[in-house]
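Each chain, written out:
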Amino acid sequence: MTRRSCGALRASDAGSSAELCGWVHRRRDHGGLIFVDLRDRDGLTQIVFDPKNASFAQAEHLRSEDVLRVVGAVRKRPAGTENEKLATGAVELAVEELEILNRSQVPPFQVNVEENPDEQLRLEYRYLDLRRQRMQRNLTVRHRIVKAMRDFFDERDFVEIETPLLIKGTPEGARDYLVPSRLYPGTFYALPQSPQILKQICMISGFGRYMQIARCMRDEDLRADRQPEFTQLDVEMSFVTQDEVLETMESCMRYVWKRVLGIELAPFPRMTFAEVVEKYGTDKPDLRFGLELRSANDVFDGTEFVVFKSVIESGGAIVALRYPDGASLSRREFDALTETAKALGAKGMVWVALGEDGLKSSAQRFVEERHASEIARRVGAERGDALLLFADARDAALAVAGKMRTEIGRRAALRRDDAFAFCWVTEFPYLEIDEETGKPVPAHHPFTEPGPGQWELIESDPRAMRAQHYDMVLNGYELGSGSIRIHKSEMQRRIFDMLGMSKEQVEEQFGFFLRALDYGAPPHGGMALGIDRIAMLACGEENLHEVIAFPKTQTARDLMMGAPSAPSEKQLRELHLRPPPRA
Ligand code: ASP
């Protein structure tokens, strides 16, 4: 007798005997027979209980999620009752022997449906949620993605090296998770925000080509596409140019998509940061549709419209966006759209409907036919479309127009949900302004090398300095970043100095690393890609929870285990910690 999986039996197995183990997916009583769909990770098989068989009486009491072992005869389903949607749909198993391996309580939600149950319940009863076919499929795809990545890098002679979790902080711009040391009172390990410094040290150690499926932990406020701990495909290479890193990572994604999804990806377009912000208002553009933004400043030269006039005079921007078929919107719908724009940060929005019966606009007195036709030409709009105009300081106008571009792309159903539009963004500014502190911080991390000819700017105009920093973007999501690194300690010190760190701080935090650079560090560069996001997009999902086995909530809690939780007094004492004062 062979044990088969619940997805294995086919018409050609008819006439043989089989043993199946699995969960009761669904039970139906029909004309004296009891039908059960038995489920495991591999699929569903219909098993049939006949009143003539001794197991029938027990089968009458089976409930969803009970765990069974059955033995029986495989037979073809009667003509007309086959289920073409099911891989095993041509056959059924006539049960001769039933063993109930375990009973299940009534589950708090239905396990046998495709739609997601209530989010809180899913996370609390994650073991049941993970039984759902959708989750089993997603986690299996994720496994295949990671396997393909490892194979790709193995074929290219990379070595996977595990780096420790208990380390000294590696800055990636987030807050560290800290672990108190029992042996050294008052000291803490930091959990890695990434293995950045350690992978660079692997280059200094001569490994040349490193990769790791690495866990990273960052204690920051969460958003829908972030988790406090996540997994990266982490890569580092010695003696490489930026082009070689890009080629390697792009080839890896092409390999993964082909092997896991059977999709041939086209070469990824490459754009500079300045270009994407200008065209799409963001550094992570969704290229599943066009709708490029265009400046309309010069179109309104000499305008009397105060909103535009003051923006032009103060060096701001008027940014135009096309709304395909938008002319048919009612005034009320345009008002609602304006509210959406405001919620996304716009000061206001001017709309222009290019209707068959002439032009209508929220700034009717100031937008003339000549203005509209020139803007329409620039954004590629036609009769029947609408134009949306955003006026503000340049960065703000572009950012809002970029968000509205995404919104219009969604509304106009322009993006194909099954399409994968990858791209590269290069030449990022070295510095950006930290939202919380208002201080300049590295746009990537402080180990990034400025671009060719950019070092001189460190004295005169550091804000204008560009970095050898690149991002891979897919469908509006940043999949990951990388850079060519600084490999000389003087330069590394110069960057720390520019960031306002004192000599003592540098020595305390990075002394070991600067010393390592001094022992023949080779030129090197690399990148990391977020595996959770990659898996999410490859599975066609919109939430990271769908591809992470045990995710945390938006407020960083594990609802199944109940973490975080208070340690015992003994644990606290051993760690030289005092319990927090009672509120
Ligand atoms: N360590 C970087 C990150 O986690 C990636 C890299 O520069 O390789 O974003």
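Structure shown above.
S.K.: How do you make sense of the overall build of the chain when you look at a structure like this?
M.R.: What the chain contains, in helices and strands, is 16 helices and 23 strands. The C-alpha extent of the chain, read off along each of the three principal axes, is 90 × 75 × 55 Å. The buried share among the 583 residues of the chain stands at 49%. Counting contacts in the chain only where the partners sit at least 6 residues apart, residues at least 24 apart contribute 66% of the total. Of the roughly 29000 Å² that the chain leaves accessible, carbon and sulfur atoms contribute 50%. If you average the places of the 79 positive and of the 91 negative side-chain charges in the chain, the two averages end up 3 Å apart.

S.K.: It is not clear to me how empty space enclosed by the protein should be interpreted in this structure. Could you clarify?
M.R.: Tallying each qualifying case throughout the model produces 2 cavities of 30 Å³ or more. Put simply, the largest cavity is a space of about 50 Å³. In terms of lining residues, the largest cavity is bounded by Gly345, Ala346, Lys347, Gly348, Phe390, Ala391, Asp392, Ala396, Ala397 and Val400. Residue assignment for the lining of the largest cavity shows that the elements contributing at least two residues are β17 (386–392) and α11 (394–411). Partitioned by chemical class, the residues of the lining of the largest cavity number 6 nonpolar, 2 polar and 2 charged. Estimated volume of the second largest cavity: approximately 40 Å³. The wall of the second largest cavity is formed by Leu123, Arg126, Phe550, Pro551, Asp558, Leu559 and Met560. Of the residues assigned to the lining of the second largest cavity, the class counts are 5 nonpolar, no polar and 2 charged.

S.K.: Just checking my understanding: could you explain the site of the ligand for this structure?
M.R.: Near the ligand lie 14 residues; those nearest to it are Glu172, Gln196, Lys199, His444 and Arg485. Contact distances for the ligand include 2.6 Å between a nitrogen atom and a side-chain N or O atom of Gln196. A distance of 2.7 Å separates an oxygen atom of the ligand from a polar side-chain atom of Arg485. For the ligand, whose unbound accessible area comes to 270 Å², protein coverage reaches 95%. Elements that contribute at least two residues to the shell around the ligand include exactly α5 (196–204), β22 (477–484) and β23 (524–530). At 3 residues, β23 tops the list of elements feeding residues into the shell around the ligand. Across the shell around the ligand, the residue classes tally to 2 nonpolar, 8 polar and 4 charged.

S.K.: Hey, could you run me through helix α14 (residues 503–517) in this one?
M.R.: The periodicity of an α-helix, 3.6 residues per turn, causes residues three or four places apart in sequence to face the same way. Here α14 spans only 17 Å end to end across 15 residues, well under the 21 Å set by a 1.5 Å rise per residue. Of all bends in α14, the biggest is about 80°, found at Phe510. Among the residues of α14, those classed as buried are Val506, Phe510, Gly511, Phe513, Leu514, Ala516 and Leu517.

S.K.: Can you walk me through the sheet that holds strand β16 (residues 358–361) in this structure?
M.R.: Paired through their backbone hydrogen bonds, the strands of a sheet run either parallel or antiparallel. Spatially, β13-β14-β17-β15-β16 is the arrangement adopted by the 5 strands of the open sheet, whose pairing is antiparallel. Each of the sheet's edge strands pairs with one partner strand only, and the pair in question is β13 (294–295) and β16. As defined by bridge partners, strand β15 (residues 350–355) adjoins β16 across 4 bridges and the pair is classed as antiparallel. Pairing of Gly355 across the sheet is with Gly358, part of β16. Against the sheet, helix α8 (residues 306–313) touches β14 (317–323), β15 and β17, its axis set at about 50° to β17.

S.K.: Explain the side chain of Glu236 here, please?
M.R.: In this fold, Glu236 is placed in strand β11 (residues 229–238). Residues in contact with Glu236, not counting those within four places in the same chain, are Phe158, Lys199, Gln200, Met203, Gly208, Arg209, Tyr210, Arg485, His524, Gly525, Gly526 and Met527.

S.K.: I tried to follow the environment of Arg150 on my own but got confused; where do I start?
M.R.: Along the chain, Arg150 falls in helix α4 (residues 133–155). The class of Arg150 is partly exposed, set by a relative accessible area of 36%. In sequence terms Arg150 and Gln136 are 14 residues apart; their C-alpha atoms lie 21 Å from each other. When residues no more than four places from it in sequence are discounted, the contact partners of Arg150 are Glu160, Met211 and Ile213.

S.K.: Got a minute to help me understand the nonpolar core in this structure?
M.R.: If you look at soluble globular proteins, the nonpolar side chains tend to sit buried side by side. Ranked by size, the top nonpolar core spans 42 residues in total, and within it Leu233, Met249 and Met472 carry the most contacts. One finds Ala353, Ala386, Ala401 and Met404 within the second-largest nonpolar core, a separate group that totals 34 residues.

S.K.: Explain the layout of surface pockets here, please?
M.R.: The rolling of a water-molecule-sized probe over the atoms marks out the regions of remaining empty space. Estimates place the volume of the second largest pocket at around 450 Å³. Taken together, 16 residues form the lining of the second largest pocket, with Tyr177, Leu178, Val179, Leu191 and Pro564 sitting closest to its centre. The biggest single contributor to the lining of the second largest pocket is strand β8 (residues 178–180), with 3 residues. Classifying every residue of the lining of the second largest pocket by side-chain character gives 14 nonpolar, no polar and 2 charged.

S.K.: What is the right way to look at helix α7 (residues 273–280) in this model?
M.R.: For α7, the full list of buried residues reads Phe273, Val276, Val277 and Tyr280. For α7, the angular spread of the buried residues around the axis is 100°, confining them to a single face. The elements touched by buried residues of α7 are β12 (270–272), α11 and β18 (422–426). Just downstream of α7, Gly281 is the residue with a positive phi angle, here 70°.

S.K.: Looking at this model, I keep getting lost on the packing of α5 against α14. Mind explaining?
M.R.: A pair of packed helices is characterised by two quantities: the angle between their axes and the separation of those axes. For the pair α5 and α14, the least separation of the axes is 10 Å and the interaxial angle reads 25°. Put simply, α5 runs roughly parallel to α14. For α5 against α14, the interelement crossing comes out left-handed. Where α5 approaches α14, its residues Ile197, Gln200, Ile201 and Ile204 are matched on the opposing element by Phe510, Phe512, Phe513, Ala516 and Leu517. Its residues placed into classes, the contact of α5 with α14 shows 8 nonpolar, 1 polar and no charged.

S.K.: When you look at a negative patch on the surface in this model, what are you seeing that I'm missing?
M.R.: Taken together, the side chains of Asp221, Glu432, Glu435 and Glu436 define an acidic patch exposed on the protein surface. Looking at the secondary structure, you find Glu432 in strand β19 (residues 431–433).

S.K.: Just to check I follow, could you spell out the environment of Tyr125 for this structure?
M.R.: When you line up the elements, Tyr125 lands in the loop between α2 (119–124) and α3 (126–129). Looking at Tyr125, the relative accessible area reads 26%, which means it is partly exposed. A C-alpha to C-alpha distance of 51 Å links Tyr125 and Gly384, two positions 259 residues apart in sequence. With residues up to four places along the chain from it excluded, the contact list for Tyr125 reads Pro108 and Phe109.

Conventions adopted
Residues numbered from 1 in each chain as written. Predicted model: local features only at pLDDT ≥ 70, side-chain atom pairs only at ≥ 80, totals over all residues. Heavy atoms only, no water. Helix = DSSP H or I, 4+ residues; strand = E, 2+ residues; numbered from the N terminus. Buried < 20%, exposed > 50% of the residue type's maximum accessible area, 1.4 Å probe, protein only. Contact = heavy atoms within 4.5 Å. Areas by Shrake-Rupley, 256 points an atom, 1.4 Å probe, with all protein chains shown as cover. Lys, Arg positive; Asp, Glu negative; His and termini not counted. Charge placed at Lys NZ, Arg CZ, Asp CG, Glu CD. 1 Å grid on protein atoms, 1.4 Å probe; cavity = no way out; pocket = protein on both sides within 12 Å on 5 of 7 lines; lining within 4 Å. Points joined across faces, edges and corners; volume = space filled by probe spheres on them. Nonpolar A, V, L, I, M, F, W, Y, C, P; charged D, E, K, R; others polar. Near = heavy atom within 4 Å. Polar contact = N/O pair within 3.5 Å; in protein donor to acceptor, adjacent residues only side chain to side chain. Expected span 1.5 Å × (residues − 1). Bend = angle between axes of the 7 residues up to and from the residue. Pairing = 2+ DSSP bridges. Axes fitted to C-alpha atoms, helices over the stretch in contact; angles between N-to-C directions. Core = buried A, V, L, I, M, F, W, Y, C linked by side-chain atoms within 4.5 Å. Arc of directions from axis to C-beta. Parallel < 35°, antiparallel > 145°, perpendicular 65-115°, else oblique. Left-handed = near helix turned anticlockwise from the far one by under 90°. Patch = residues over 30% accessible without salt bridge, like charges linked within 9 Å, V, L, I, M, F, W, Y side chains within 5 Å. Salt bridge = Lys/Arg side-chain N within 4 Å of Asp/Glu carboxyl O.

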